[in-house]
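Each chain, letter by letter, is given below.
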Amino acid sequence: MIIDLAKIIVAVRKLEEGKLVAFPTETVYGLGGDAENTLAITQIYAVKKRPINHPLIIHIAPGADINFWAIDIPQQAYVLMAKFWPGALTLILKRASRVSSIISGGQDSVGLRCPSHPIAQTLLRLFKGGKGGVVAPSANKFGYISPTTAQHVRDEFSNMSSLNSVDYILDGGQCPIGIESTILDLSRFTTHGAILLRPGQITIDQIASVLGELPQKLHNKLFMSSRTSGMYESHYTPHTPIIQVTIDKLLNVLMYLAKCNFVVTLIQRLAGLPLSDKIVTLPVQAEQYAHNLYATLRSLDQKKADIILVEALPETFEWQGINDRLRRATFSSTKILSSLLIA
Ligand code: TXA
Ligand code: MG
């Protein structure tokens with residue numbers, strides 16, 4: 001990958017001036033701001049239209065001092081960092097008091113991630129000499145699909161007034177992974193162990209190979225005390241109604257929808273229906289599927305069909321992150337449209 005250093009330097013200056021910069025990571029594009037600048041942090045919530053109690057992740061450079069941001073760090077966090085950083089794993093730790101509580105939505109924890117994407121890494125190494133932190137949620141409006149190209153970011157924010165907008169976009173082409181990082185909560189490790197808040201490309205069995213046991217899944221009791229990604233059952237949602245259909249029901253559902261004269265688009269994997277401008281085939285392997293998923297959802301959303309059908313996927317570990325996103329993307333439509341699936 002060619003890295004345009006001059007552009008990264010412009011982005012560093014903007015961040016140091018308190019402005020907002022969108023940049024590529026290996027997962028999705030982030031909307032970055034200085035983690036030590038309250039105005040910049042507030043601006044991120046405003047631009048994304050994000051509820052202010054929905055916490056932000058701080059991105060740090062390789063080798064940065066995590067004790068600056070977090071306290072009471074369990075030994076297991078260091079082992080996980082040694083194995084998976086830089087990379088697509090976000091660790092939730094106890095928040096150091098110097099970290100603004102606006103970042104964590106008022107909670108006593110903080111999310112930290114050291115991305116592996118060369119543009120993100122260079123940005124973080126240069127920003128405040130590698131000692132700063134960049135808060136960066138995915139660079140989309142709250143609830144919509146995360147961006148995996150610079151054009152997606154432009155599409156999200158192009159209509160905004162210059163007073164309330166993204167100041168600069170670093171273009172790094174398409175993000176290699178394509179879905180957001182795995183989030184593991186270690187902030188209550190001594191009492192609750194490791195808790196998986198969001199599955200991603202780094203799977204729970206990979207984490208277990210380091211920790212010696214599978215992380216816990218988030219359950220209702222834990223919900224009460226933390227506000228996390230898992231709170232939102234509907235998220236990553238296209239504007240077009242979207243449902244998942246198992247391959248055995250697919251033909252019946254398609255025939256039924258055709259009888260109703262609905263315009264249907266389909267993301268298939270194994271179904272083998274003839275391709276058209278309305279039927280997209282995504283790869284059989286989970287990694288390649290994830291890489292293409294969000295761009296496909298965005299382009300099908302633009303077709304303004306009546307419905308997007310998605311062929312249901314395997315339930316093995318490697319598909320967990322993708323299934324999580326599709327479950328949230330389809331959540332509200334499924335509630336309303338499930339009777340169609342009995343067709
Ligand atoms: O891959 C990623 O993680 C991307 C790239 C840009 O790094 N970022 C991302 O950020 O997905 P965002 O804000 O869209 O999602 C971060 C999730 C949120 O759902 C938030 O609830 C959770 O992380 N989170 C952040 N800090 C937390 C904390 N202290 N406790 C619990 N959950 C936290
Ligand atoms: Mg997001």
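Here's what I pulled together on the structure shown here.

Let's shift gears to the overall build of the protein chain. Secondary structure summary: the protein chain contains 11 helices and 15 strands in total. Counting only C-alpha atoms and orienting by the principal axes, one finds that the protein chain spans roughly 60 × 45 × 35 Å. Evaluated residue by residue, the protein chain yields a buried proportion of 55% over its 343 residues. Accessible area of the protein chain: about 15,100 Å², with a carbon and sulfur share of 55%. A gap of 4 Å separates the mean positions of the 33 positive and 27 negative side-chain charges of the protein chain.

Turning to its location among the elements, Phe-23 is positioned in strand β1 (residues 21-24). Residue class for Phe-23 comes out buried when judged on its relative accessible area of 1%. Between the C-alpha atom of Phe-23 and that of Val-153, which follows or precedes it by 130 residues, the distance is 9.3 Å. With residues up to four places along the chain from it excluded, the contact list for Phe-23 reads Val-28, Tyr-29, Gly-30, Gly-32, Ala-120, Leu-123, Val-134, Ala-136 and Leu-170.

With respect to the element layout, Glu-26 can be found in the loop between β1 and β2 (29-34). A residue is classified by how much of its surface remains accessible, and Glu-26, at 4% relative accessible area, is buried. Separated by 2.8 Å, the side chains of Glu-26 and Arg-113 make a polar contact. Those residues in contact with Glu-26 that lie beyond four places of it in its chain are Gly-87, Ala-88, Arg-113, Pro-115, Ser-116, His-117, Cys-175, Pro-176, Ile-177 and Gly-178.

Our next topic: the nonpolar core. Considering soluble globular proteins, one finds that nonpolar side chains tend to be buried as a cluster. Of all hydrophobic cores here, the largest spans 69 residues; its most connected members are Ile-58, Leu-91, Tyr-289 and Ile-322. Broken down by element, this core gets its largest block of residues, 7 residues, from helix α10 (residues 286-302). With residues near it in sequence (within four places) discarded, Ile-58 still touches Ala-35, Trp-69, Val-99, Ile-103, Val-110, Gly-111, Leu-112, Arg-113, Gly-133, Val-134 and Val-135. In terms of nonpolar packing, the next biggest core, distinct from the first, is built from 16 residues, Ile-8, Leu-123, Ala-136 and Tyr-168 among them.

What follows is about helix α1 (residues 5-16). For α1, which comprises 12 residues, the first-to-last C-alpha distance of 16 Å matches the rise-based estimate of 16 Å (1.5 Å per residue) to within 8%. Those residues of α1 lying buried are Ile-8, Ala-11, Val-12 and Leu-15. On an axial view of α1, the arc spanned by its buried residues comes to 105°, and they lie on one face. Those residues of α1 that are buried lie in contact with β1, β2, α4 (118-126), β7 (134-135) and β8 (168-169). Between a side-chain oxygen at the N-terminus of α1 and the backbone nitrogen of Ala-6 the separation is 3.3 Å; the capping residue is Asp-4. Just downstream of α1 lies Gly-18, where phi reads positive at about 90°.

Take the site of ligand 1 next. Around ligand 1, 26 residues are found, and the nearest of them are Thr-27, His-59, Ser-138, Ser-181 and Arg-198. Summarising the interface, the protein chains cover 98% of the accessible area of ligand 1, which totals 680 Å² for the free molecule. Residue assignment for the shell around ligand 1 shows that the elements contributing at least two residues are β3 (57-59), β6 (109-113) and β10 (195-198). If you tally residues by element for the shell around ligand 1, the top one is β6, at 4 residues. Split into classes, the residues belonging to the shell around ligand 1 amount to 10 nonpolar, 11 polar and 5 charged.

Thresholds applied
- Residues numbered from 1 in each chain as written.
- Chains lettered and ligands numbered in written order.
- Predicted model: local features only at pLDDT ≥ 70, side-chain atom pairs only at ≥ 80, totals over all residues.
- Heavy atoms only, no water.
- Helix = DSSP H or I, 4+ residues; strand = E, 2+ residues; numbered from the N terminus.
- Buried < 20%, exposed > 50% of the residue type's maximum accessible area, 1.4 Å probe, protein only.
- Areas by Shrake-Rupley, 256 points an atom, 1.4 Å probe, with all protein chains shown as cover.
- Lys, Arg positive; Asp, Glu negative; His and termini not counted.
- Charge placed at Lys NZ, Arg CZ, Asp CG, Glu CD.
- Contact = heavy atoms within 4.5 Å.
- Polar contact = N/O pair within 3.5 Å; in protein donor to acceptor, adjacent residues only side chain to side chain.
- Core = buried A, V, L, I, M, F, W, Y, C linked by side-chain atoms within 4.5 Å.
- Expected span 1.5 Å × (residues − 1).
- Arc of directions from axis to C-beta.
- Near = heavy atom within 4 Å.
- Nonpolar A, V, L, I, M, F, W, Y, C, P; charged D, E, K, R; others polar.

Read these as geometric descriptors, not functional statements.
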